[in-house]
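Coordinates in review
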Amino acid sequence: MYENLANELKRKGISVTAAAKMAEMPEPTFRSKLNGRSECGFTVDEAMSIKFNIFPEMDFIYLFTKSDKPNENCA
């Protein structure tokens, strides 16, 4: 799970639905990736879009540090 990203969305009052629209991805996909249910998480391009469109003031590594063990099947 991307706890920092989830916490910052809450802190800014941005819903998952709104964040998904800003990141130009379907809400179920965004929610799945945010909660760590997607096998590989956000792609670099998706993460960059989220960072620059929603959190330009935030540190990239802080936002996208996962709180669980990385999946070794992801390349």
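Residues numbered from 1 in each chain as written. Predicted model: local features only at pLDDT ≥ 70, side-chain atom pairs only at ≥ 80, totals over all residues. Heavy atoms only, no water.

1. Focus: helix α1 (residues 3-12)
Definition in use: Think of it in three bands: with a 1.4 Å probe and only protein chains considered, a residue is buried below 20% of the maximum accessible area for its type, exposed above 50%, and partly exposed in between. Only runs of H or I of at least four residues qualify as helices and only runs of E of at least two qualify as strands under DSSP, and these elements are numbered from the N terminus. Throughout, the arc means that of the directions going from the helix axis to the C-beta atoms. Between two residues, a contact is recorded if the distance between any of their heavy atoms is within 4.5 Å.
Inspection of α1 places Leu5, Ala6, Glu8 and Leu9 among the buried residues, and these make up the whole buried set. The buried residues of α1 occupy an angular sector of 165° when projected down its axis, which confines them to one face. Residues of α1 that are exposed and angled more than 90 degrees away from the buried face: Lys10 and Arg11. Residues of α1 that are buried in the fold lie against α2 (16-22), α3 (27-34), α4 (44-54) and α5 (60-63).

2. As for the nonpolar core
What counts is decided by this rule: Grouping buried Ala, Val, Leu, Ile, Met, Phe, Trp, Tyr and Cys residues that are joined through side-chain atoms within 4.5 Å yields what is termed a nonpolar core.
Membership of the largest hydrophobic core comes to 20 residues, with the highest contact counts inside it found for Leu5, Leu9, Phe30, Leu34, Phe42 and Ile50. Every element with two or more residues in this core is listed here: α1, α2, α3 and α4. Dropping the residues within four chain positions of it, Leu5 is found in contact with Leu34, Phe42, Ile50, Phe55, Leu63 and Phe64.

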